[in-house]
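Reading the structure
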Amino acid sequence: MHAEDAYLFRHGLLRDAAYELQPKGDRAALHTLILNIFEELFPDKLDDFALELADHANGASQAPAHGKRTTSIYTRRELNYLNRAASVSEKNYRMGDCIMIAERMLKHPAANAQERVEAHLLKGRTLLHMGRSDECEQSLTKARALAESSDQPVLLSQALTQLGNLARATTRSQEALQFFNEAYEVATSAGMESASAALGGIAMMKGLVGDLSAAEDAFASALKREPRASVRARMLYNLATTRQTAGRWKESEEGLRQALKLTQECGDRDLEGIVRSGMAILLKMLGRKPEALLEYRNATSLLTASGNLRHLGIVRGNLGEMLSELGELDQAAGELRAALDIHLETGDLRFQANVLTSLGSLAATRNRDAEARDYYEQAVTRHRQAGNTRGLGVALHNLASTEEETGCLDRALELREQALEMLSSIDDPLRLAFANGAMAALQCLLGQADRVLPAARQAFAVLARSGVPTLTAEYGVMPVLRCELALGNRAAAERMIRELESLTNDTPDAGLEQFLAGARKALSVPHHSLFNGFVFDDLPEPLQRALIAGHGARVS
């Protein structure tokens, strides 16, 4: 329809008044006519206009005498179009429409128990994507209760699985595992598809809590049950991610390539983009950065074409981080801001916070400390709102780094303690090791190396098992080395140098060589040239000034 052929109103109230002036019988007849004509002339466009057609079906179902809904065929057609509109809106990540449609279905007097459960599940999934975890839990709990009372085991299994996903997202690992186990028990009597979804959840949780053998057994069982190629590909992707967490890089890469082959065979371009983004993350961790960059670019193209906004935002954020590491700072800023815009559009608080954290790190790289602090503080606020304990711990850790580099050591210590508290409450040994290593480095500056040396050694042991050389060097070797030097344990420091040198044998890496050069320099200079375990000249200038002013005491 062209603009000149349509009636336009200066205000919505005028339109509503004109509508209400029409006789109710005429209104119902016009809605019926529009609905029937559209269905007859544009049968291939029904999904695109499902929400508008639901409105016409609603208007057609009004009784002329009383303006109330009838139980006519138009009432069911309205619900049918609402369901179709929900699928389209969810696929295109139109979060606001999903919430509105779910609430409309829940209020609909003709909706049956199954439709009401599905509406609660839609609302719960959407709220989880938006980071509104408390409201999400309320919706999913209602879905569970209604599915139980109406004896719908398939929907009950879905509700329990989604409650497991919520608990996993909010780092309640044991609770998540319990939900997935309950979902599996219900699903075994309800059909293969529900059982495989629940088994996949169990497998992921077993992997997260470090029980890789049990995770692989659960994944193997789920794969045997699942005939659909796209679902099998997603399971292989999750299995590869689990193996990656355990440091089994070769098997992880093999699994991702199997998943990629399946997505290409079944033509699922959307899932191919997700799997390629996972491959990019793995290749980046292995130091194969040109390959990783290519996979990020491929994933971006695929997800742009499929319209998967949520994952497109994730990939562009990851690409921004990688470009920052490669020194392409302007390009990195562009990708990160584009990612933030996407997450603001979808309303996803958790990923907004993740991108804000990355923007903070980029600002810190450019020595824009005030800008970095602002981004990190915004990230902390959003992670708190979303109930994301892991993300909150990481954001606090990064904010502490900014305070540390600007000489606010007391504030940095306070934030690092908060970060450790957050990360100690979840099953994530790798990030906890990062935090312990950073705390060790800070307490070296404060002259408290003896207090944190055991934790620093433990962090090194965890990171050494991770198989990521650069991370092991930065957060494992160097904190221990500085502690040993601060305490005068030169022989122990020399052993740590050898540990660091051994990491360069398998994976040449410029960052690793930089850390190794710093370690050798620290060992070679006279002890009086060290400042609590650091080579003074290597410290950022603001921190040097702060330390000089404080004469080695706490500076804030």
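Model, not experiment: these values are computed from the prediction.

Rules and cut-offs
- Residues numbered from 1 in each chain as written.
- Predicted model: local features only at pLDDT ≥ 70, side-chain atom pairs only at ≥ 80, totals over all residues.
- Heavy atoms only, no water.
- Helix = DSSP H or I, 4+ residues; strand = E, 2+ residues; numbered from the N terminus.
- Buried < 20%, exposed > 50% of the residue type's maximum accessible area, 1.4 Å probe, protein only.
- Contact = heavy atoms within 4.5 Å.
- Areas by Shrake-Rupley, 256 points an atom, 1.4 Å probe, with all protein chains shown as cover.
- Salt bridge = Lys/Arg side-chain N within 4 Å of Asp/Glu carboxyl O.
- Expected span 1.5 Å × (residues − 1).
- Polar contact = N/O pair within 3.5 Å; in protein donor to acceptor, adjacent residues only side chain to side chain.
- pLDDT = per-residue confidence, 0-100.
- Core = buried A, V, L, I, M, F, W, Y, C linked by side-chain atoms within 4.5 Å.
- Axes fitted to C-alpha atoms, helices over the stretch in contact; angles between N-to-C directions.
- Parallel < 35°, antiparallel > 145°, perpendicular 65-115°, else oblique.
- Left-handed = near helix turned anticlockwise from the far one by under 90°.
- Nonpolar A, V, L, I, M, F, W, Y, C, P; charged D, E, K, R; others polar.

Here we take up the overall build of the protein chain. Counting its regular elements, the protein chain contains 27 helices and two strands. When the 556 residues of the protein chain are sorted by exposure, 50% land in the buried category. The contacts of the protein chain with a sequence gap of at least 6 include a subset with a gap of at least 24, amounting to 56%. With an accessible surface of roughly 26000 Å², the protein chain has 51% of that area assigned to carbon and sulfur atoms.

Moving on, we come to the pattern of salt bridges. The full count for this structure, using the stated rule, is 25 salt bridges. Linking Glu272 and Arg276 is a salt bridge whose minimum nitrogen-to-oxygen distance equals 3.0 Å. Within this pair, Glu272 and its partner Arg276 are both found in helix H14 (residues 269-285), separated by four residues, close to a single helical turn. As far as the burial class goes, Glu272 and Arg276 line up, both buried. Here the salt bridges share partners, and the residues they tie into one network are Glu253, Arg257, Arg288 and Glu291.

Our next topic: the environment of Arg172. Positionally, Arg172 belongs in the loop between helix H8 (153-169) and helix H9 (173-187). Given the relative accessible area of 25%, Arg172 is considered partly exposed. For Arg172 and Ser425, which are 253 residues apart along the polypeptide, the C-alpha to C-alpha distance reads 8.9 Å. Not counting residues within four places of it along the chain, the set of residues in contact with Arg172 comprises Glu137, Leu166 and Ala167.

Glancing now at helix H16 (residues 309-325). With 17 residues, H16 extends 24 Å from end C-alpha to end C-alpha; this agrees with the ideal 24 Å at 1.5 Å per step. Taken across its 17 residues, H16 has 14 buried, putting it largely inside the fold. Count one or two residues on from H16 and you reach Gly327, which has phi positive near 85°.

What follows is about the side chain of Thr242. By the secondary structure assignment, Thr242 is in helix H12 (residues 229-245). On the basis of relative accessible area, Thr242 is assigned to the buried category, the value being 8%. At 2.9 Å, the side chain of Thr242 and the backbone oxygen of Asn238 are in polar contact.

Attention shifts here to unusual backbone geometry. In this structure, Asp151 takes a positive phi of about 55° despite not being glycine. Following the sequence through the fold, Asp151 ends up in the loop between helix H7 (133-149) and H8. Backbone geometry at Asn367 places phi at a positive 60°, although glycine is not the residue there. Tracing the backbone shows Asn367 in the loop between helix H18 (349-365) and helix H19 (369-386).

Further remarks concern the confidence of the model for the protein chain. In the predicted model, the protein chain carries a mean pLDDT of 79, and 80% of its residues have values of at least 70. Taking the mean pLDDT of every element in the protein chain, the minimum, 49, falls on strand S1 (residues 530-531) and the maximum, 93, on helix H17 (residues 329-346). Under a pLDDT of 50 for its full length, residues 547-556 has, in the predicted model, 25 contacts with residues more than four places off or in other chains.

The next thing to look at is the environment of Ala259. With respect to the helices and strands, the residue Ala259 is situated in helix H13 (residues 249-266). Assessed through its relative accessible area of 0%, Ala259 is described here as buried. On a C-alpha basis, the gap between Ala259 and Tyr237 in space is 5.9 Å, while along the polypeptide they are 22 residues apart. Contacts of Ala259, omitting those with residues within four sequence positions, involve Ala233, Leu236, Tyr237 and Val275.

So, about the nonpolar core. Counting residues in each nonpolar core, the largest one holds 86 residues, and the members touching the most others are Leu121, Leu256 and Val275. Here this core takes eight residues from H8, the largest share from any one element. Among all residues touching Val275, those that are not within four sequence positions of it are Tyr237, Leu256, Ala259, Leu260 and Thr263. Judged by nonpolar contacts, the second largest core, of 26 residues, contains Leu409, Leu420, Ala456 and Val480.

Let us now look at the packing of helix H21 (residues 409-424) against helix H22 (residues 429-445). Taken N-terminus to C-terminus, the directions of H21 and H22 make an angle of 155°; their axes are 10 Å apart at the nearest point. One finds that H21 runs roughly antiparallel with respect to H22. Crossing angle aside, the handedness with which H21 passes H22 is left-handed. Listed contacts from H22 to Leu409, Ala412, Leu413, Arg416, Glu417, Leu420, Leu423 and Ser424 of H21 are Arg431, Leu432, Ala435, Asn436, Ala438, Met439, Leu442, Gln443 and Leu445. Partitioning the contact of H21 with H22 into residue classes produces 11 nonpolar, three polar and three charged.

What follows deals with helix H6 (residues 113-129). Taking 1.5 Å per residue, 17 residues should reach 24 Å; H6 reaches 25 Å between its end C-alpha atoms and fits that length. Of all 17 residues that make up H6, 12 are buried, and the element is covered over most of its length. When we look at burial in H6, the residues that qualify are Glu115, Val117, Ala119, His120, Leu121, Leu122, Lys123, Gly124, Thr126, Leu127, Leu128 and His129. A positive backbone phi angle near 80° is found at Gly131, which sits one or two residues after H6.

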